[in-house]
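Structural features, examined
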Amino acid sequence: MSRALIVIDVQESFRVRPLWAETLNSGVAEPVNRLVDLARAAGDLVVWVLHTEPGSGNPFDPATGHVRLFEELNEPLPGEPLLRKTSHNAFTTTNLQQILTTHGVGELRICGIRAEQCVETTTRVASDLGYDVTFVSDATTTDPLGRFSAADILERTETVLRDRFARIATVAELESEDQGESEDKAGTESTAQAEVAASTA
């Protein structure tokens, strides 16, 4: 089963709004980049998603020039889709599902902005579509909302998603898991090579 990383709305639209000063993790690009590096090293598909609201005149209107990835993010490589959505989830107004089906993807890692909105909604829809989803908490951020702090909102999001719609994991946990998988694979290949050498000796 193939795997894909979905990076949702890590775009300049958020940083030009005053509320960004209160975001939970203004340095979210760093853990996202680590996830991207991890995905590429494993041969996973990386899909980039931007939120757009054409004609709105707000920071999500493409005409403003803010609908672009954070400058410090790793640049998308050739073959890595860059999708533009107009719905909260990344499926409804894009061809994301078609792309994942074409690549034989059954497992997703999801991160981005905002935890309780586009990232959570995409996670829920992905789960309902049958994908095995991991919500990467420390590569996801959000802002305060009403009486709830940004940390409260992320905790609430993790709580309602955990074991219902997704597994909750950190970047470090995934790095450790992938390292273990890589070592297991190397060990299996080494054993197979040794067996072949022994049989031809």
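Just above sits the structure.
Overview of the structure.

**Thoughts on the side chain of Asp9**
Counting through the fold element by element, Asp9 comes out in the loop between strand E1 (2-8) and helix H1 (12-15). With a relative accessible area of 0%, Asp9 lands in the buried category.

**Let's talk about the environment of Leu38**
Examined against the element boundaries, Leu38 turns out to sit in helix H2 (residues 29-42). Placed 33 residues apart in sequence, Leu38 and Leu5 show a C-alpha to C-alpha distance of 9.4 Å.

**Focus: the environment of Ala29**
With respect to the helices and strands, Ala29 occurs in helix H2. The exposure class assigned to Ala29 is buried, which follows from its relative accessible area of 4%. With 42 residues separating them along the chain, Ala29 and Glu71 place their C-alpha atoms 9.0 Å apart. Residues within four places of Ala29 in sequence aside, it is in contact with Phe70, Glu72 and Leu73.

**What to know about the pattern of salt bridges**
A full pass over the atoms with the stated rule returns 17 salt bridges. Between Glu30 and Arg34 there is a salt bridge, and its shortest N-O distance comes to 3.9 Å. On the criterion of helical spacing, the pair formed by Glu30 and Arg34 is a turn pair, its members being 4 residues apart in helix H2. Exposure remark for Arg34: the relative accessible area of 27% places this residue in the partly exposed category. Salt-bridge contacts for Arg114 lead to Asp143; the nearest nitrogen and oxygen are separated by 4.0 Å. Of this pair, Arg114 sits in the loop between strand E4 (105-113) and helix H4 (115-128) while Asp143 sits in the loop between strand E5 (132-141) and helix H5 (150-161), and the two are 29 residues apart along the sequence. Considered together, Arg114 and Asp143 belong to a single accessibility category, that of buried residues. Through salt bridges with shared partners, a single network forms among Arg3, Asp44, Glu107, Arg109 and Asp178.

**Comments concerning the sheet that holds E1**
Spatially, the 6 strands line up as an open sheet ordered E3-E2-E1-E4-E5-E6, and their pairing is parallel. The sheet terminates laterally at strand E3 (82-85) and strand E6 (167-169), the two strands that pair on one side only. Within the sheet, the average angular offset between the axes of one strand and its neighbour, ignoring direction, is 25°. Each of E1, E3, E4 and E5 touches H4; the most contacted strand, E4, lies at about 170° to it.

**Quick word on the state of the cysteines**
Across all of its chains, the model carries 0 disulfides by this definition. No disulfide involves Cys111; its sulfur sits 13 Å from the nearest other cysteine sulfur, which is in Cys118. Among the residues examined, Cys111 registers a relative accessible area of 0% and is labelled buried.

Quick notes on the rules
Along each chain, residue indices are assigned from 1 in the same order as the chain's sequence is written. Local features in this predicted model are restricted to residues whose pLDDT is 70 or higher, and side-chain atom pairs enter the listing and the counts only when it is 80 or higher, whereas totals over whole chains, interfaces and linings include all residues. Hydrogens and waters are ignored; side-chain quantities use all the structure's heavy atoms. For helices the rule is a DSSP run of H or I covering at least 4 residues; for strands it is a run of E covering at least 2, with both sets numbered from the N terminus onward. Burial classification: accessible surface area is computed with a 1.4 Å probe over protein chains only, and a residue below 20% of its type maximum counts as buried, one above 50% as exposed, and the rest as partly exposed. Contacts: residue pairs with any heavy atoms within 4.5 Å of one another. In the sections that follow, a salt bridge refers to a side-chain nitrogen of Lys or Arg positioned within 4 Å of a carboxyl oxygen of Asp or Glu. Strands are labelled as partners when DSSP assigns at least two bridges between them. Note on geometry: axes are lines fitted to C-alpha atoms, helical ones only across the stretch in contact, with angles between N-to-C directions running from 0 to 180 degrees. Count a disulfide wherever a pair of cysteine sulfur atoms falls within 2.5 Å.

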